Amino acid sequence: MDAYLNTLEELNKAGFKTNNGIKDASLLLQLKERAGGHYYDTGGSQLIIDSKIKLKNNSPIKSFYANGLEFEDSSKIEVSAVIFATG
């Protein structure tokens, strides 16, 4: 359990939004109430923690251009892929 909590803490530091489930009950109540809403780490967590996968979730996308994205906060990033993880 300590490794799991440490991973969540490190993901939060990297900007990955997490929660403790419904009523802070973690996975089981989430599965019962929503039949989902959980995240299984299949190797991506460490890549996010190590900044090999970058996250940008604090501003909506304003537009796409040939090599990247512009956000509502006027920031721009160049990307090779955009992945929408909407749940």
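Going by the structure above, here's the rest.
Residues numbered from 1 in each chain as written. Predicted model: local features only at pLDDT ≥ 70, side-chain atom pairs only at ≥ 80, totals over all residues. Heavy atoms only, no water.

Details of unusual backbone geometry
- Positive phi values are uncommon outside glycine, yet Ser51 reaches one of about 65 degrees.
- Its relative accessible area of 43% is what places Ser51 among the partly exposed residues.
- Phi at Ser74 takes a positive value of approximately 75 degrees, unusual for a residue other than glycine.
- Mapping Ser74 onto the fold places it in the loop between strand 2 (68–71) and strand 3 (76–78). (Buried < 20%, exposed > 50% of the residue type's maximum accessible area, 1.4 Å probe, protein only. Helix = DSSP H or I, 4+ residues; strand = E, 2+ residues; numbered from the N terminus.)

Brief notes about the packing of aromatic side chains
- Across all of its chains, the model carries zero aromatic pairs by this definition.
- Lys56 extends its terminal NZ or CZ atom over the ring of Phe71, reaching a point 4.8 Å from the ring centre.
- Against the face of Tyr65 rests Lys76, its NZ or CZ located 5.9 Å from the ring centre. (Phe/Tyr/Trp six-rings, centres within 6.5 Å; stacked < 30°, edge-to-face > 60°. Lys NZ or Arg CZ within 6 Å of the ring centre and 35° of its normal.)

Side note on the pairing of strand 2
- Residues Gly68 and Glu70 of strand 2 are buried on one face, and the alternating residues Leu69 and Phe71, pointing to the opposite face, are buried as well.
- As paired elements, strand 1 (residues 61–65) and strand 2 share four bridges and run antiparallel to each other. Directly across from Phe64, in strand 2, lies its bridge partner Leu69.
- In sequence, strand 1 turns back onto strand 2 through a hairpin of two residues.
- Counting the residues between successive antiparallel strands, the hairpin from strand 2 to strand 3 contains four residues, one of them, Ser74, with a positive phi of roughly 75 degrees. (Pairing = 2+ DSSP bridges.)

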